[in-house]
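# Results of the structural survey
Next come the chains, spelled out residue by residue.
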Amino acid sequence: MLAKVYSAAVIGVDAYEVEIEVNAGGGGSVIIVVGLPDTAVKESKDRVTTAIQNSGYFWPHGRTTINLAPADVKKEGPSFDLPIALGMIAAGEDLNLENAQDYCFVGELALTGKVRSVKGVLPIAIEARRRGKKAVFVPEANAREAAMVEGIDVYGVRNLREVFQFLKGEHPLNACARGFARFF
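Everything numeric in this text was worked out from a predicted model, so none of it was measured.

Strands sit in the order β5-β8-β9 across an open sheet of three strands; the sheet is parallel. Each edge of the open sheet is held by one strand with a lone partner, namely β5 (103-105) and β9 (153-157). If you compare each strand with its neighbour and ignore which way they point, the axes differ by 20 degrees on average. Looking at chain direction, strand β8 (residues 135-139) and β9 are connected through five bridges and run parallel.

What follows deals with the sheet that holds strand β4 (residues 63-69). The pairing of strands in a sheet comes from backbone hydrogen bonds and takes either a parallel or an antiparallel form. Pairing in this open sheet of four strands is mixed, and the strands run β1-β2-β4-β3 from one edge to the other. Unpaired on one side and paired on the other, β1 (2-11) and β3 (30-34) mark the two borders of the sheet. Across this sheet, the average inter-strand angle for adjacent strands is 20 degrees, counted without regard to direction. The strands touched by helix α4 (residues 121-130) are β1 and β2 (14-25); relative to β2, the strand with the most contacts, the crossing angle is about 80 degrees.

Looking now at the packing of aromatic side chains. Counting across every chain of the model gives eight aromatic pairs. For the pair Y57 and F164, a centre-to-centre distance of 5.1 Å together with 70 degrees between the ring planes defines the contact as edge-to-face. Within this pair, whereas Y57 is found in the loop between α2 (44-54) and β4, its partner F164 is found in helix α6 (residues 160-167), the two being separated by 107 residues in sequence. You'll find Y57 and F164 in the same group, each marked buried. A ring pair is formed by Y155 and F166, whose centres lie 5.5 Å apart and whose planes are at 45 degrees; its orientation type is tilted. With Y155 in strand β9 and F166 in helix α6, this pair connects stretches of sequence that are 11 residues apart. Under the relative-accessibility criterion, Y155 is labelled buried at 11%. Stacked on the ring of Y6, the Lys or Arg K133 has its end atom at 3.8 Å from the ring centre.

What follows deals with the nonpolar core. Ranked by internal contacts, the top residues of the largest apolar core, which has 43 residues, are I52, I66, L82, L86, M88, F105 and F137. Here the element with the most residues in this core is helix α3 (residues 81-92); it accounts for eight residues. Every residue in contact with F137, bar those within four places of it in the chain, is listed here: Y103, C104, F105, V106, Y155, V157, V163, F166 and L173.

Before going further, it helps to spend a moment on α2. Every buried residue of α2 is accounted for by S44, R47, V48, T49, A51 and I52. At its buried positions, α2 is contacted by β3, α1 (39-42), α3, β6 (108-109) and α6. Two residues or fewer after α2 comes G56, characterised by a positive phi angle close to 90 degrees.

Conventions used here
- Residues numbered from 1 in each chain as written.
- Predicted model: local features only at pLDDT ≥ 70, side-chain atom pairs only at ≥ 80, totals over all residues.
- Heavy atoms only, no water.
- Pairing = 2+ DSSP bridges.
- Helix = DSSP H or I, 4+ residues; strand = E, 2+ residues; numbered from the N terminus.
- Axes fitted to C-alpha atoms, helices over the stretch in contact; angles between N-to-C directions.
- Contact = heavy atoms within 4.5 Å.
- Phe/Tyr/Trp six-rings, centres within 6.5 Å; stacked < 30°, edge-to-face > 60°.
- Buried < 20%, exposed > 50% of the residue type's maximum accessible area, 1.4 Å probe, protein only.
- Lys NZ or Arg CZ within 6 Å of the ring centre and 35° of its normal.
- Core = buried A, V, L, I, M, F, W, Y, C linked by side-chain atoms within 4.5 Å.

In structure tokens form, the structure reads like this:
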């Protein structure tokens, strides 16, 4: 099963879209992350698999390849944990998350499945809007920052479970209120 989820990465003060493809196949139990990941991204497989398990989900236990595209640009930091986890759960449960293409996901995962804050949410929200995404899902602690961007819904999320349940249509989420100045 192949699952696709979208995220973004920051270079300097700008962001660019990152397509995360997760392919689950046969073979030995191994997780491979490709697409110029740095050490924090490579280590995400350990955080992500534990967070998935502690959230009550499963991931593919065969050969799992995680591709971060574009492959020719270095990916840095733990902000890809949430979208990688969503792709792994979808691939493991053989689910087609067609509506995931409408969203951008960022967030570091704690081993419990809690979504931790990350850097660069403002340029990521701007890039998501530029790419025509309907909404961006960010850690709850980063929601006010992302909500400064007009023209895109922002969901401040607390944990992996609530995001995956939202994508499956099982758990509604409310977009952040915009009660302060917006600049972008």
